[in-house]
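Residues per chain are reported as follows:
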Amino acid sequence: EADIYQTPRYLVIGTGKKITLECSQTMGHDKMYWYQQDPGMELHLIHYSYGVNSTEKGDLSSESTVSRIRTEHFPLTLESARPSHTSQYLCASSESVGHTIYFGEGSWLTVV
Amino acid sequence: QQQVKQSPQSLIVQKGGISIINCAYENTAFDYFPWYQQFPGKGPALLIAIRPDVSEKKEGRFTISFNKSAKQFSLHIMDSQPGDSATYFCAAPISGGYNKLIFGAGTRLAVHP
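Summary of the structure given here.

**Brief notes about the pairing of strand E5 (residues 45-50) of chain B**
Pairing of strand E4 (residues 33-38) of chain B with E5(B) involves five bridges; the strand directions are antiparallel. From the neighbouring strand, Pro34(B) faces E5(B), where its bridge partner is Ala49(B).

**Points about the sheet that holds strand E3 (residues 19-25) of chain A**
What links the strands of a sheet is backbone hydrogen bonding, and the strands pair in either a parallel or an antiparallel sense. Residues and elements named next belong to chain A. In spatial order, the strands read E1-E3-E8-E7; together these four strands make up an open sheet with antiparallel pairing. The sheet is open, and its two edges are formed by strand E1 (4-7) and strand E7 (65-66), each paired on a single side. Inspection of the sheet shows E3 paired to strand E8 (residues 76-78) by three bridges, in the antiparallel sense. Bridge assignment links threonine 20 to a residue of E8, and that residue is threonine 77.

**A closer look at the interface of chain B and chain A**
Opposite the 21 residues of chain B that make contact, chain A presents 21 residues. The junction of chain B with chain A conceals about 1800 Å² of combined surface from both sides, 54% of it contributed by carbon and sulfur atoms. Counting every contact that joins chain B to chain A gives one salt bridge. Lys42(B) is the partner of Glu105(A) in a salt bridge, and the nearest nitrogen-oxygen pair spans 2.9 Å. Taken together, chain B and chain A are joined by four residue pairs in polar contact (both at pLDDT 80 or more).

**Some points on the nonpolar core**
For soluble globular proteins, the rule of thumb is that nonpolar side chains tend to be buried together. With 25 residues, the main nonpolar core has Trp35(B), Phe73(B), Leu75(B) and Tyr88(B) as its most contacted residues. Secondary-structure elements contributing two or more residues to this core are strand E2 (10-14), strand E3 (19-25), E4, E5, strand E7 (62-67), strand E8 (72-77), strand E9 (86-94) and strand E11 (107-112) of chain B. It is E9(B) that contributes the most residues to this core, five residues altogether. Apart from the residues within four sequence positions on either side, Leu75(B) is in contact with Ser19(B), Ile20(B), Ile21(B), Trp35(B), Leu47(B), Ile48(B), Phe62(B), Thr63(B) and Tyr88(B). Formed by 17 residues, the second largest nonpolar core is a distinct cluster that contains Ile4(A), Ile19(A), Met32(A) and Val111(A).

The rules behind each value
Residues numbered from 1 in each chain as written. Chains lettered and ligands numbered in written order. Predicted model: local features only at pLDDT ≥ 70, side-chain atom pairs only at ≥ 80, totals over all residues. Heavy atoms only, no water. Pairing = 2+ DSSP bridges. Helix = DSSP H or I, 4+ residues; strand = E, 2+ residues; numbered from the N terminus. Contact = heavy atoms within 4.5 Å. Buried area = accessible area lost by both parts, 1.4 Å probe. Salt bridge = Lys/Arg side-chain N within 4 Å of Asp/Glu carboxyl O. Polar contact = N/O pair within 3.5 Å; in protein donor to acceptor, adjacent residues only side chain to side chain. Core = buried A, V, L, I, M, F, W, Y, C linked by side-chain atoms within 4.5 Å. Buried < 20%, exposed > 50% of the residue type's maximum accessible area, 1.4 Å probe, protein only.

Right under this line is the structure:
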């Protein structure tokens, strides 16, 4: 079992609200990732981090931002949510790129 | 651009049959090719991975076959069971200034009893 936790699991919010999706891992992994996935569809990397104070944008452009102040914590923030942000957000971590990526169970965001 | 091409998009197999999913990749940073399995409402989980100092790796009913010259690798599920019904993703570490795994578009497998 992966020790990576996401909160909230489900969130319904109104347009224009600010939200933060929390992600924590207890495995001491340096590499952490955020993927966006619509139901049953492909995984799109939107942010990744190779360590504390290191963050990069992924392949899919996203209006969200991330921070990595502590190794175990990689929160994702949307300053002003829109209906187009409705999706599942998956947090993940790995020891290195050539090692297993462990995924959290996902945060389902619905913006109304 | 699609750097990891996965096919088919969906697959229906009878119980006991063989499920085959294929992936083709472009340039890789290094040789590591995993397959992930995702059940509805869950995050993906590593199923099996190969580092191609070998051309094939088998774990139980699951086998990865790798063809380096063709830049292709495939997942074979022998004796497919209804419990194997899930979405399967291949991935490859694509080069391009930094190393990270790029996932294929996924294959939805349904195994009918």
